Amino acid sequence: MKIAVCVKQIPDPATPYGLDPETHLVQRPEDQVLDDTDRYGIEVALQLAEASEGSVVLVSMSPAGTLQGIRQALAMGADEAVVVSDPALRGSDALVTARVLAAAIRRLDADVVIAGTESTDGYSGVVPQQVAELLDLPALTFARRVEATGDGIRIERQTTTGYDVVEAPLPVLISVTAAAVEPRYPTFKGIMQAKSKTVEQPTVGDLGLTPDEVGLKGSGQRVIEVRPAPARSAGTKVVDDGEAHLAIVEALEKAKVI
Amino acid sequence: MKTLVFAEGTPAGPSASSLELLAKAREVGDPSVFFAGEGSDATWAALGAHGATTVHHLEIGDSLPAAGAAASMAALIELEAPDLVLFGLNPTDRDTAGRLSARLGVPLISNAVEIDTSKTPITVTNEILGGTTLVETEFTAGSPHLVVVRPKSFIATEVGGGTPTVTAAPPTGDGPAMSARVVERHEEASTGPKLTEADVIVSGGRGMGAPENFEIIERLARRLGAAVGATRAVVDAGWVPYSMQVGQTGKTVKPNVYIACGISGAMQHLVGMKDSSVIIAINKDEEAPIFGVADLGVVGDVHKVLPKLLEALGE
């Protein structure tokens, strides 16, 4: 089984970041890391590949050409990576991102495409579905459990009231939630091997797209203003000296709950 | 302005988000609904009561709805040319919105909390960085404008409209994308009030320490007639079901009182609960971000404070 996993490098959430006041784009510091939510997709991919003697290729895009996060993903055990690297990608919206990823995946002839449900930094939450539509694939989304059925994939799909069991034949796209698996940690050997694994870095031109079709120019939306939300101020803080529960009782009485 | 609202059929009727979106669509003018699922007279009446004048109905059988719904909606959009198409944030809403965007080649703005249709072009506001920052985005591409709206951004209200005209939505066609099938459905029954409708919510996070410690949260909730919520970390760890998750990837709640027990206040959680009227937080770490939004912050050990609270409440 050949599996493609969509992954994203994001600013390290431990490092404060904001928006560029002029361009309104996310300021992307040098210390890019693998989006934590992608570890679940990689783990699902590795398990499916291990059971079928298959392979796992990472697919990503990187306006700045950084690869730190990709190396982290390769260290978990993925075989190789395709990272579309082109400054023209800066400012791409969800649909443009999906077009670029779909163009990269199309060349791979994958049986299964896996993605997280949404990225931690942009969280538009629609890129996997857009990729599926562009590639004319069924999409088994919001999976909290994934299993191969021989000629297809079966998942447990989260719904608003519980879960559904959903099946589709290959080729198929799956979006996975954090409930699906427990991601493995990279081993020292994995980290060493990651350094020598193949990372192809095509430009948008190599994928048959023009710079005008991607980035800010290719996106049909533009941020016009960024402003602070009306702040909710902190109220009273009490340190529990054994009697703090009485303050809670008082607050509940005031709110007419009791 | 013509607006089309996506509605998924649920066992309880039209999705809650579709009724919220109809409130906005009504304000903009001339709302119609694309309904995917099993319809009934009660469902049509509910949609009509919330202001829908036309319902385009797609029967989906055991198909996973999104691929067929997107194909049918694309055909409908060609005929009706709506300016604005609105979706909720439920899984099927997101699936359909994403597919429709790709199919039509038009952009989509997600996580909207406000839509300003008085501006040309339309602008959409969403929240980032845990709700601390608002971003206003305009569509530079032509219509239809597709928007995915966060729950509770608009308030569902009945306006006493009559039964809408119900017509069959355009056929879905066929293709590999439509081959996903639902083979089993499972409802996860919960007791007490629903999280999204509850007046009071008691929520637990990692600070509860272990799954069995959630019992005291449930006892407090029972005493207060409250619903039980949880953070993503606790749901991911398998302590409680996903249906209890409050936050960016879970439910958005706006109760009268929200009691956060052992919750540090990660951005992902704050987004889902910061609009509660009164927030009470109990946490050991006095630097926890939750104290930045709490009306009453108790710096203390939940395992000591909660038993005393229950005792004081005469449980």
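Residues numbered from 1 in each chain as written. Chains lettered and ligands numbered in written order. Predicted model: local features only at pLDDT ≥ 70, side-chain atom pairs only at ≥ 80, totals over all residues. Heavy atoms only, no water.

Novice: Which residues make up the overall build of chain A, and what values do they have?
Specialist: Helix and strand content of chain A: seven helices and 13 strands. Taken over the C-alpha atoms alone, chain A extends approximately 65 × 45 × 40 Å along its principal axes. Within chain A, buried positions represent 53% of all 258 residues. By element, 51% of the accessible surface of chain A is carried by carbon and sulfur atoms, the whole surface being about 11300 Å². (Helix = DSSP H or I, 4+ residues; strand = E, 2+ residues; numbered from the N terminus. Buried < 20%, exposed > 50% of the residue type's maximum accessible area, 1.4 Å probe, protein only. Areas by Shrake-Rupley, 256 points an atom, 1.4 Å probe, with all protein chains shown as cover.)

Novice: Lay out the sheet that holds strand E8 (residues 152-158) of chain A with the relevant residues and their values.
Specialist: The ten strands lie next to each other as E11(A)-E5(A)-E4(A)-E1(A)-E6(A)-E10(A)-E7(A)-E8(A)-E9(A)-E11(B), forming an open sheet whose pairing is mixed. Among the strands making up the open sheet, the edge pair consists of strand E11 (199-200) of chain A together with strand E11 (181-187) of chain B. Each of strand E6 (112-116), strand E7 (139-148) and strand E10 (172-176) of chain A touches helix H4 (residues 127-134) of chain A; the most contacted strand, E10(A), lies at about 180° to it. Lying over the sheet, helix H4 (residues 91-104) of chain B contacts E7 and E8 of chain A, oriented at roughly 110° with respect to E7(A). (Pairing = 2+ DSSP bridges. Contact = heavy atoms within 4.5 Å. Axes fitted to C-alpha atoms, helices over the stretch in contact; angles between N-to-C directions.)

Novice: So what about the sheet that holds strand E16 (residues 296-299) of chain B? Which residues, and what values?
Specialist: Strands sit in the order E13(A)-E16(B)-E15(B)-E14(B)-E12(B)-E13(B) across an open sheet of six strands; the sheet is parallel. Pairing within the sheet leaves two strands with one partner each, and these edge strands are strand E13 (236-239) of chain A together with strand E13 (227-230) of chain B. The sheet shows a mean angle of 15° between the axes of neighbouring strands, taken without regard to direction. Bridging between E13(A) and E16(B) involves four bridges; their strand directions are parallel. Bridge pairing links A:Thr236 to B:Leu296 in E16(B). Packed onto the sheet, helix H5 (residues 214-224) of chain B meets strand E12 (200-204), E13 and strand E14 (257-261) of chain B and runs at close to 175° relative to E12(B). Across the sheet, helix H8 (residues 302-312) of chain B lies against E14, strand E15 (278-283) and E16 of chain B, angled at about 125° from E15(B), the strand it touches most.

Novice: An account of the interface of chain A and chain B is needed here, citing residue identities and associated values.
Specialist: Each partner contributes to the interface: chain A provides 72 residues, whereas chain B provides 82 residues. Summing the contributions of chain A and of chain B, the shared interface buries around 6700 Å²; its carbon and sulfur component is 56%. The largest per-residue losses of area from chain A upon contact with chain B belong to A:Tyr123, A:Glu133 and A:Arg232, which jointly make up 11% of the total buried on that side. On the surface where chain A and chain B come into contact, there are seven salt bridges. Across the pair A:Asp164 and B:Arg185 runs a salt bridge, and its minimum N-O distance is 3.5 Å. For the pair chain A and chain B, the number of links is 39 residue pairs in polar contact (both at pLDDT 80 or more). The set of elements that each furnish at least two residues to the side of chain A that touches chain B consists of helix H3 (94-106), H4, E7, E8, strand E9 (162-169), strand E12 (221-228), E13 and helix H7 (244-254) of chain A. Class assignment for the residues of the side of chain A that touches chain B results in 37 nonpolar, 20 polar and 15 charged. (Buried area = accessible area lost by both parts, 1.4 Å probe. Salt bridge = Lys/Arg side-chain N within 4 Å of Asp/Glu carboxyl O. Polar contact = N/O pair within 3.5 Å; in protein donor to acceptor, adjacent residues only side chain to side chain. Nonpolar A, V, L, I, M, F, W, Y, C, P; charged D, E, K, R; others polar.)

Novice: With reference to specific residues and values, describe the environment of A:Ala143.
Specialist: Structurally, A:Ala143 is set in strand E7. Once the C-alpha coordinates of A:Ala143 and A:Thr66 are considered, the two residues, 77 residues apart in sequence, prove to be 29 Å apart.

Novice: Kindly report on the pattern of salt bridges, identifying the contributing residues and their values.
Specialist: Think of it this way: side chains of opposite charge can pair up when their charged atoms draw near. Under the criterion given, the structure shown has 25 salt bridges over all chains. B:Lys24 is the partner of B:Glu27 in a salt bridge, and the nearest nitrogen-oxygen pair spans 3.1 Å. Pair noted here: B:Glu27 and B:Lys24 are both in helix H1 (residues 16-28), with a separation of three residues, about one helical turn. Residue B:Glu27 is classed as exposed on the basis of its relative accessible area, which comes to 59%. On the basis of relative accessibility, which here comes to 4%, the residue B:Lys24 falls in the buried class. Taken together, the shared-partner salt bridges in this structure form one network comprising A:Glu225, A:Arg227, B:Asp116, B:Lys119 and B:Glu136.

Novice: I'd like a description of H8(B), backed by residues and values.
Specialist: All buried positions along H8(B) are accounted for by B:Val302, B:Val305, B:Leu306, B:Leu309 and B:Leu310. The buried side chains of H8(B) occupy one side of the element, clustering within an arc of 130° when seen end-on. Turned more than 90 degrees away from the buried face of H8(B), the exposed residues are B:Lys304 and B:Glu311. As for H8(B), its buried residues are in contact with H7 of chain A together with H5, E14, E15 and E16 of chain B. Measuring from the backbone nitrogen of B:His303 back to the side-chain oxygen at the start of H8(B) gives 2.9 Å, which picks out B:Asp301 as the cap. (Arc of directions from axis to C-beta.)

Novice: Help me get a handle on the pairing of E6(A), residues and values and all.
Specialist: Residues and elements named next belong to chain A. Most of E6 is tucked away: five of the five residues are buried. Alternating positions in E6 separate into two faces, Val-112, Ile-114 and Gly-116 on one and Val-113 and Ala-115 on the other, with burial throughout. Inspection of the sheet shows strand E1 (residues 2-6) paired to E6 by three bridges, in the parallel sense. Each residue of the ladder has a partner; that of Ala-4, found in E6, is Val-113.

Shape descriptors only; they carry no functional weight alone.
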